[in-house]
Amino acid sequence: MPQTQTTILDSATVADKLRSLVETDKAFLQLVFENPEHDNVLFDGLALHIDRESEAKFLNSLKLERCGEWLGNAAPARLQIRLMEAARSSQHPAYLALRNGLVRSGGLERAYPKAAV
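What counts as what
- Residues numbered from 1 in each chain as written.
- Predicted model: local features only at pLDDT ≥ 70, side-chain atom pairs only at ≥ 80, totals over all residues.
- Heavy atoms only, no water.
- Helix = DSSP H or I, 4+ residues; strand = E, 2+ residues; numbered from the N terminus.
- Buried < 20%, exposed > 50% of the residue type's maximum accessible area, 1.4 Å probe, protein only.
- Salt bridge = Lys/Arg side-chain N within 4 Å of Asp/Glu carboxyl O.
- Contact = heavy atoms within 4.5 Å.
- Core = buried A, V, L, I, M, F, W, Y, C linked by side-chain atoms within 4.5 Å.
- Axes fitted to C-alpha atoms, helices over the stretch in contact; angles between N-to-C directions.
- Parallel < 35°, antiparallel > 145°, perpendicular 65-115°, else oblique.
- Left-handed = near helix turned anticlockwise from the far one by under 90°.
- Nonpolar A, V, L, I, M, F, W, Y, C, P; charged D, E, K, R; others polar.

**Topic: the environment of Ala75**
The residue Ala75 is located in the loop between helix 4 (61-74) and helix 5 (77-87) in this model. Residue classification places Ala75 among the buried residues on the basis of a relative accessible area of 9%. Residues Ala75 and Gln30, 45 residues apart in the sequence, show an inter-C-alpha distance of 7.5 Å.

**Description of the pattern of salt bridges**
Side-chain pairs of opposite charge can arise where the charged atoms are in close proximity. Following the criterion strictly, the structure yields seven salt bridges and no others. Between Asp25 and Lys17 there is a salt bridge; the shortest N-O distance is 3.3 Å. Asp39 serves as the salt-bridge partner of Arg78, at 2.9 Å between the closest nitrogen and oxygen. Placement of the pair is Arg78 in helix 5 and Asp39 in helix 3 (residues 39-55), with a sequence separation of 39 residues. Residue class for Asp39 comes out buried when judged on its relative accessible area of 9%. When salt bridges with common partners are traced through the structure, they connect Glu65, Glu69 and Arg104 into a single cluster.

**What about the side chain of Asp25?**
One can find Asp25 in helix 2 (residues 23-34). Contacts of Asp25, omitting those with residues within four sequence positions, involve Lys17 and Ser20.

**Some words on helix 1 (residues 11-20)**
Taken residue by residue, helix 1 has Thr13, Val14, Ala15, Lys17 and Leu18 as its buried positions. The inward-facing, buried residues of helix 1 abut helix 2, helix 3 and helix 4. Positive backbone phi, approximately 50°, marks Leu21, located one or two places after helix 1.

**Let's talk about the environment of Gly45**
Note on placement: Gly45 falls in helix 3. Remark: the alpha-carbon pair of Gly45 and Leu71, spanning 26 residues in sequence, is separated by 13 Å. The residues contacting Gly45, other than those within four sequence positions of it, are Ser11, Val14, Ala15 and Leu18.

**Considering the nonpolar core**
Ranked by size, the top nonpolar core spans 27 residues in total, and within it Leu46 and Leu71 carry the most contacts. Of all the elements in the fold, those that place two or more residues in this core are helix 1, helix 2, helix 3, helix 4, helix 5 and helix 6 (93-105). With near-sequence residues (within four places) excluded, Leu46 lies in contact with Val14, Leu18, Leu71, Leu83, Ala86 and Leu98.

**Some points on the packing of helix 1 against helix 3**
Close contact between helix 1 and helix 3 brings their axes to 7 Å; oriented N to C, the two are set at 60°. One way to sum up the angle between helix 1 and helix 3 is to call them oblique. Pair helix 1 / helix 3 crosses with right-handed handedness. Packed against helix 1, whose contacting residues are Ser11, Ala12, Val14, Ala15, Asp16, Leu18 and Arg19, the element helix 3 presents Val41, Leu42, Asp44, Gly45, Leu46, Leu48, His49, Arg52 and Glu53 at the interface. Looking at the contact of helix 1 with helix 3 residue by residue, the class counts come to eight nonpolar, three polar and five charged.

Here it is as structure tokens:
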């Protein structure tokens with residue numbers, strides 16, 4: 001019987017995928033984005049990822065900014081407000097770096113364009 005590799009979707013898995021963010025991990029996260037039932041696990045994983053990074057001896061803010069930029073460009077419109085809320089939930093530099101990446105991506109503006117007055 002051939003063995004199949006299954007990935008259990010939990011917050012630790014999402015955090016690990018966000019940490020490395022190689023092409024296969026991006027593809028996995030794209031699949032997670034497609035299913036609204038996985039949104040809570042996604043945000044728990046994002047919080048875990050940022051918490052792990054904030055506790056590291058060296059804060060790699062550039063990597064967190066790139067993660068935020070990728071999330072802003074790749075995540076669907078329904079997630080953009082929650083992503084920004086998650087990035088604004090703390091004043092720690094790790095959260096600030098993620099927020100800078102999200103702002104740079106313009107995902108929130110694309111999802112919710114400003115109304116013409």
